[in-house]
Amino acid sequence: MKRALLLTSLLLALAACSGHTVHRLEVDLLSFVPPENRTGSLDITQTSIQVPDDPAGQEVPVPGAEALVDGRISLRVSLTNTGTSSADVDLEVRMGPKDDTNLYDENGDIQVKEESLTLNPGESGSLNLGVDLQPGDPAYDLVKAGSFRIGARLSLSGDRVQYTLEQAEVVLRLKLFNLIP
Amino acid sequence: MKKTLCFIVAGLLSLGLAQGVRSLGMGGVALPGPAHAGANPAYAAFPDTWGREGLQLPIGLLRLLPLFPETSPLAYFTDPQAFRNSFDLLSFYDQITHVHSFLLNPARSPDEVVFRVSANGLSITDGSGRNLIPSFQTGASPEKPQALIPAPILGIALDLGPGTYLSFGAFAGTQGVRLSPSRELAQALAGGSLDVCKSQNPSPCVLEGAGAFSAGLSLALGFAAPLAEVPGLGKVYVGIRGEGFYGLGYAEGRALARPTFDQDGNVSGVSYEYRYFVSYPDYLEGSFGLGAGGMGYGLRGDAGVAVDGGRWALGLGVRNLLGFAEWRGLEVQVQDGTETRTPTTKRSDFSSPEFFVNGAYRMEGTDLLVAADARFGSVAPAFHLGLEYPLGPVALRTGIGYEGGLRFGVGMGLNLEALALDLALTTHEAPLVGGTVYGIALAVSF
């Protein structure tokens, strides 16, 4: 993906250059997750999953990050309680600097947001997690550093749930003229 | 760096070669007469009854004042914040290449450019979901030098006797500029899938940019004269011209970028390949220091014929009927980071003619003037059709044309005997983003 973003930066430079132009970079993280890994189940033998599998998460280089205006991270997971008792499901998004090797060890990384959902047996629902990146947020500073890592963890407290990842997207808005001193 | 910037600005200005305001009001049509002796040498002896033009004012330069921060780089020095919020490189380019028109709505970069990256590919759209595929071309092919150099800036002409003239001056101009994606890249960007780019190795998805610029001193010797009146036809004029140049600088460049893929079909990087050729006289080596000292020269022959039939006129000019240009300098090729520098001599084709046909007809009774022209051959084809209707001291004009894009013009003239004013509303196709750009042009004559 890093190389794909380098290609993006080349085209970005050619596409438009003006003080009123905002460049919106949309990265469809879900498409980088193999289809067979987008659905599955959590139970008492496996109570959590990480997306991506690697605890270091997914590195996202941001060309011209100094020009960052704002951004948004969106995640959506649909869930069905297939067990026999009530289930509590937590979804958290974590970010860290590009050299972080484990986004989940509380060492240099941050929890950006967490959402929870309780499902009764047979009940379905979805977890929608949206994070706005604004100046002053630690997550905003991580993005503005030029390269960051991002990952998500889905955790179960209960019997068994079926999950499907439906959306995982990072949207960054950049204004290249902000780079002009 | 300053010299490079000077060359760039001179090159941009040369793209906006002046057309008279009367002509602009008639959709850009070229009326028969001495104003177009450059395109048809026979017009050097033609009466100036059809194509009379006033002094065109470069009112487009007004847009370089900080008052217009969207087109003025100077705004950075007077109001940096306004510059950061408003300056638009595309608007600036559009205005400086149409310096004789004050553009009412210069080409504007999109407010939002959306790059969507997924494992399957990449798409570039504006904020409305419309695909943005960079594609742009102006002038002739920038692949090789041409004997057909730009017209001299402030050239000086000397009358050497019956029908013979000598003209000389300095020239500087862009031969051509092109930015274009390959068919496969356009398809991939439009569809958002890179599958078509993986069909071959190296990838057929290529973004190409190319341009050429030349500068030097030119000297032309021409002859134009009326022949005897041909019964039933009119007065026939013929002209020939030989023009040579001594080159002061030539730069030509071409860059290609294409994606590369790993064995799983994922994008693994971008392969760059570019080459450029630079030539200037040996004695300028101390100033430029690029190791590209050499020499440039060229010679070409033009010919033309024109007929004045009283109420009508017709002309055919051929430039660069035979020609030759040679530049000795340095070619630098860079492929995947490896640079190769080779002393090279670049030569033009021996014959690369450019044809120019134009004519005008004044209808009996109404005095309505109908004019048309066409240019084709070694340049991108262009044609224009214009009308002028005189109403006492006022003349109303309109016309359409195709010149890299559709254009039309509306104009009027006011002849007050001591002073004549020509005003035109002009249009042209906005570069890169498409759409129509409107402008106002003004000329005066006393």
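Being a predicted model, the structure only gives us computed values, none of them experimental.

Things to note about the overall build of chain A
Point 1. A count of helical and extended segments in chain A gives two helices and 10 strands.
Point 2. Of the regular secondary structure in chain A, the N- to C-terminal order runs α-β-β-β-β-β-β-β-β-α-β-β.
Point 3. For chain A, with 181 residues in total, the buried portion stands at 34%.
Point 4. Contacts spanning at least 24 positions in sequence make up 82% of the contacts within chain A whose residues lie at least 6 apart.

A look at the overall build of chain B
Point 1. Regarding its fold elements, chain B presents seven helices and 20 strands.
Point 2. Taking the contacts inside chain B whose residues are at least 6 apart along the sequence as the reference set, 59% of them involve residues at least 24 apart.

Here we look at the confidence of the model for chain B
Residue and element names in this part refer to chain B.
Point 1. Looking at chain B, pLDDT values average 84 and 91% of them are 70 or higher.
Point 2. Confidence drops under pLDDT 50 across residues 1-18; counting only partners more than four residues distant or on other chains, this segment forms 24 contacts.
Point 3. What the predictor reports for the complex is a pTM of 0.63 with an ipTM of 0.79.

Description of the pairing of strand E1 (residues 22-28) of chain A
Point 1. As defined by bridge partners, E1 of chain A adjoins strand E3 (residues 112-118) of chain B across six bridges and the pair is classed as parallel. Pairing of leucine 25 of chain A across the sheet is with phenylalanine 115 of chain B, part of E3 of chain B.

Regarding unusual backbone geometry
Point 1. For the bond from valine 51 of chain A to proline 52 of chain A, the omega torsion is -5 degrees, close enough to zero to count as cis.
Point 2. Relative to the helices and strands, proline 52 of chain A is located in the loop between strand E3 (48-51) and strand E4 (58-61).
Point 3. In this structure, the amide linkage connecting asparagine 201 of chain B to the following residue, proline 202 of chain B, adopts the cis form with an omega of 5 degrees.
Point 4. Here proline 202 of chain B lies in the loop between helix H6 (183-191) and strand E8 (207-230).
Point 5. A positive phi angle is found at glutamate 106 of chain A, which is not glycine, with a value near 55 degrees.
Point 6. Summarising the element assignment, glutamate 106 of chain A is placed in the loop between strand E6 (87-97) and strand E7 (110-119).
Point 7. Its 10 C-beta neighbours within 10 Å are what place glutamate 106 of chain A among the exposed residues.

Some remarks on the pairing of E6 of chain A
Residue and element names in this part refer to chain A.
Point 1. When you tally the buried positions in E6, you get eight out of 11 residues, the bulk of the element.
Point 2. Direction of pairing for E6 relative to E7: antiparallel, over a ladder of nine bridges. Residue pairing in the sheet places glutamate 92 in a bridge with glutamate 114 of E7.
Point 3. Pairing of E6 with strand E9 (residues 147-157) involves 10 bridges; the strand directions are antiparallel. Within E9, the position partnered with leucine 91 by the bridge is leucine 154.

Considering the environment of proline 34 of chain A
Point 1. Tracing the backbone through its elements, the reader meets proline 34 of chain A in the loop between E1 and strand E2 (39-43).
Point 2. Residue class for proline 34 of chain A comes out exposed when judged on the 10 C-beta atoms lying within 10 Å of it.

Examining H6 of chain B
Point 1. For H6 of chain B, every residue scored as buried is listed here: Leu185, Ala188 and Leu189 of chain B. Seen along its axis, H6 of chain B keeps its buried residues to an arc of 95 degrees; they face one direction.

Section: helix H5 (residues 89-96) of chain B
Since there are 3.6 residues in each turn of an α-helix, residues three or four apart along the chain are aligned in direction.
Point 1. Taken across its eight residues, H5 of chain B has six buried, putting it largely inside the fold.
Point 2. Within H5 of chain B the residues assigned to the buried category are Leu90, Ser91, Phe92, Asp94, Gln95 and Ile96 of chain B.

A closer look at the environment of leucine 174 of chain A
Residue and element names in this part refer to chain A.
Point 1. One can find leucine 174 in strand E10 (residues 160-174).
Point 2. A count of 25 C-beta atoms within 10 Å places leucine 174 in the buried class.
Point 3. Beyond its immediate stretch of four places on either side in the chain, leucine 174 contacts His23, Leu25, Gly64, Ala67, Leu68 and Val69.

What about the environment of histidine 36 of chain B?
All names here are of chain B.
Point 1. By secondary structure assignment, the location of histidine 36 is in the loop between helix H2 (21-25) and strand E1 (55-56).
Point 2. Look at histidine 36 and you get buried, because 26 C-beta atoms sit within 10 Å.
Point 3. Separated by 15 residues in sequence, histidine 36 and glycine 51 place their C-alpha atoms 8.6 Å apart.
Point 4. Beyond its immediate sequence surroundings of up to four residues, histidine 36 is in contact with Ala30, Tyr43 and Gly51.

Describing the confidence of the model for chain A
Residues and elements named next belong to chain A.
Point 1. When the pLDDT values of chain A are averaged, the result is 85; 91% of them are 70 or greater.
Point 2. Here helix H1 (residues 2-15) is the element of chain A with the lowest mean pLDDT, 45, and E6 is the one with the highest, 93.
Point 3. For residues 1-15, every residue scores under 50 in pLDDT, and the model assigns this stretch 36 contacts once sequence neighbours within four places are set aside.

Definitions and cut-offs
Residues numbered from 1 in each chain as written. Chains lettered and ligands numbered in written order. Predicted model: local features only at pLDDT ≥ 70, side-chain atom pairs only at ≥ 80, totals over all residues. Helix = DSSP H or I, 4+ residues; strand = E, 2+ residues; numbered from the N terminus. Buried ≥ 20, exposed ≤ 12 C-beta atoms within 10 Å, placed from the backbone. Contact = placed C-beta atoms within 7 Å. pLDDT = per-residue confidence, 0-100. Pairing = 2+ DSSP bridges. Arc of directions from axis to C-beta.

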